[in-house]
Amino acid sequence: MASALSPFRFKPHSSSASGSWPSTSKHRPAVILPGLGNNSGDYEKLEITLGEYGVPTVVADVSRFDWLRNAAGLVDPNYWRGKLRPRPVLDWYFKRVNDAIREAKELSQGGNVSLIGHSAGGWLARVYMEEFGFSEISLLLTLGTPHLPPPKGVIDQTRGLLDYVEKQCTKAVYTPQFKYVCIAGRYIHGARFFGNSNVDVDPVVATDTDQPTSEVAIVTNPTSISTFRARLVGLGYKQVCGQADVWGDGVVPEISAHLEGALNISLDAVYHSPVGSDDALRPWYGSPAIVEKWIHHLLN
């Protein structure tokens, strides 16, 4: 649906992937949406990598300081009730998304674009599409996005925002017209802080079907981790999904990064953030070797 409240609402129009493209572009442009606490510069290497595949890329203009704007939610009574809504608190972010999409559309000469949402950028993309329309978007690809609200009994760190996304945003689909692709990382297995500290590793089994949930990586060499580190990571996982002893990318549990109806992918040894990553020793979703595993979704 489209909101009449938005001062920056754009008018959807019909377009197709077979439209006119600039001579320098082989594929539809992509817009990268930064995650919570990240800035645009964190995605510079990813932007370069995508360009090497012929995908023109625009990164939404976000600074680390910008995230302090979210403090405006503290004056909203719904924040304290755990029923916070994305707007107007996050209107500043949606404005940056809109500006980036407009810039990308100039590269495509009116064609459709792909959205790549990292971490919170993934569910913020879903809110954006719900509020302002998605007729100009062909693909939403999320990287380590916590899509699901935490279960009852767990403090919701988003103060109701993910509950809103779950209840109000259109469900994920994987169709020729519009595709959701949700990628999760299996970098480290969490452990309960108290009790049995054993870290049980259950390898992911790849299946051979055409269903959206079929593309799952086989884990062959689980990351070697200390029990204490696994417990610390497990504390974080528990705040997201209610469970500590699960796989995840070090920040977001695998089970939270997938959506029913989407093409769900799990990749081994993938770290959550570009900050603190290392392309060789600790690759993140945007490291060249990892991009190679999902780039084809942007090329068709």
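One can find the structure itself at the top, above this paragraph.
Residues numbered from 1 in each chain as written. Predicted model: local features only at pLDDT ≥ 70, side-chain atom pairs only at ≥ 80, totals over all residues. Heavy atoms only, no water.

Caption draft 1: Focus on the packing of aromatic side chains. If you walk through the whole model with that rule in mind, you get nine aromatic pairs. Judged by centre distance (6.0 Å) and plane angle (65°), the rings of F94 and F132 are edge-to-face. Here F94, found in helix α3 (residues 91-108), pairs with F132, found in helix α4 (residues 120-132); they are 38 residues apart in sequence, far enough to count as distant. The exposure class of F94 is buried, given its relative accessible area of 0%. Connected via pairs of aromatic rings, a cluster forms that spans W67, W92 and Y93. For R282, the ring lying beneath its charged end belongs to Y271, and the centroid distance is 4.2 Å. (Phe/Tyr/Trp six-rings, centres within 6.5 Å; stacked < 30°, edge-to-face > 60°. Helix = DSSP H or I, 4+ residues; strand = E, 2+ residues; numbered from the N terminus. Buried < 20%, exposed > 50% of the residue type's maximum accessible area, 1.4 Å probe, protein only. Lys NZ or Arg CZ within 6 Å of the ring centre and 35° of its normal.)

Caption draft 2: The packing of α4 against helix α5 (residues 161-168), seen in detail. Axis separation between α4 and α5 bottoms out at 10 Å; the angle between their running directions is 50°. Viewed along their axes, α4 and α5 adopt a mutual orientation that is oblique. α4 and α5 meet at a crossing whose hand is left-handed. Two secondary-structure elements touch here, α4 through W123, R126, V127, E130 and E131 and α5 through L161, L162, Y164, V165 and Q168. Class assignment for the residues of the contact of α4 with α5 results in six nonpolar, one polar and three charged. (Axes fitted to C-alpha atoms, helices over the stretch in contact; angles between N-to-C directions. Parallel < 35°, antiparallel > 145°, perpendicular 65-115°, else oblique. Left-handed = near helix turned anticlockwise from the far one by under 90°. Contact = heavy atoms within 4.5 Å. Nonpolar A, V, L, I, M, F, W, Y, C, P; charged D, E, K, R; others polar.)

Caption draft 3: The arrangement of the pairing of strand β1 (residues 30-33) in detail. Here β1 shows two buried faces, one formed by A30 and I32 and the other by V31 and L33. Direction of pairing for β1 relative to strand β2 (residues 57-59): parallel, over a ladder of three bridges. Paired with A30 across the strands is T57, a residue of β2. (Pairing = 2+ DSSP bridges.)

Caption draft 4: Representation of the environment of G236 within the structure. With respect to the secondary-structure elements, G236 resides in helix α6 (residues 227-241). Each C-alpha atom of the pair G236 and V252 lies 7.9 Å from the other, and the pair is 16 residues apart in sequence.

Caption draft 5: Structural detail: α3. Under the 1.5 Å per step criterion, the end-to-end length of α3 is 26 Å for 18 residues, consistent within 8% with the ideal 26 Å. Here α3 has its buried residues at D91, W92, Y93, F94, R96, V97, N98, A100, I101, A104, K105 and S108. Against the buried residues of α3 lie β1, β2, β3 (113-118), α4 and β4 (137-143). Directly after α3, the chain includes Q109, whose backbone phi takes a positive value near 55°. (Expected span 1.5 Å × (residues − 1).)

Caption draft 6: Representation of α5. Listed in full, the buried residues belonging to α5 are L161, L162, Y164 and V165. Projected down its long axis, α5 carries its buried residues within an arc of 155°, all on one side. Residues of α5 that are buried sit in contact with α4. (Arc of directions from axis to C-beta.)

Caption draft 7: The arrangement of the sheet that holds β3 in detail. Strand order in this open sheet of six strands is β2-β1-β3-β4-β5-β8, and the pairing throughout is parallel. Strand pairing shows two members of the sheet lacking a second neighbour, β2 and β8 (263-268), which therefore form its edges. Strand-to-strand twist of the sheet, defined as the mean angle between neighbouring strand axes without regard to direction, takes the value 20°. Together, β1, β3, β4 and β5 (179-186) form the strand contacts of α4, whose direction differs from that of β3 by roughly 135°.

Caption draft 8: Summary view of a negative patch on the surface. Taken together, E44, E47, E103 and E106 make up a surface patch of like negative charges. Listing elements by their share of the negative patch, those giving two or more residues are α1 (44-52) and α3. With respect to the helices, strands and loops of the structure, E103 is situated in helix α3. (Patch = residues over 30% accessible without salt bridge, like charges linked within 9 Å, V, L, I, M, F, W, Y side chains within 5 Å. Areas by Shrake-Rupley, 256 points an atom, 1.4 Å probe, with all protein chains shown as cover. Salt bridge = Lys/Arg side-chain N within 4 Å of Asp/Glu carboxyl O. Lys, Arg positive; Asp, Glu negative; His and termini not counted. Charge placed at Lys NZ, Arg CZ, Asp CG, Glu CD.)

Caption draft 9: Expanded view of the nonpolar core. With 38 residues, the main nonpolar core has Y93 and W123 as its most contacted residues. Those elements that place two or more of their residues in this core are β1, α3, β3, α4, β4, α5 and β5. No other element matches α4, which puts eight residues into this core. Residues contacting W123, with those up to four places away along its chain left out, are L90, T145, P146, L161, L162 and V165. If you look at the next biggest cluster of nonpolar residues, it comprises 24 residues, including Y43, L139, I295 and L298. (Core = buried A, V, L, I, M, F, W, Y, C linked by side-chain atoms within 4.5 Å.)

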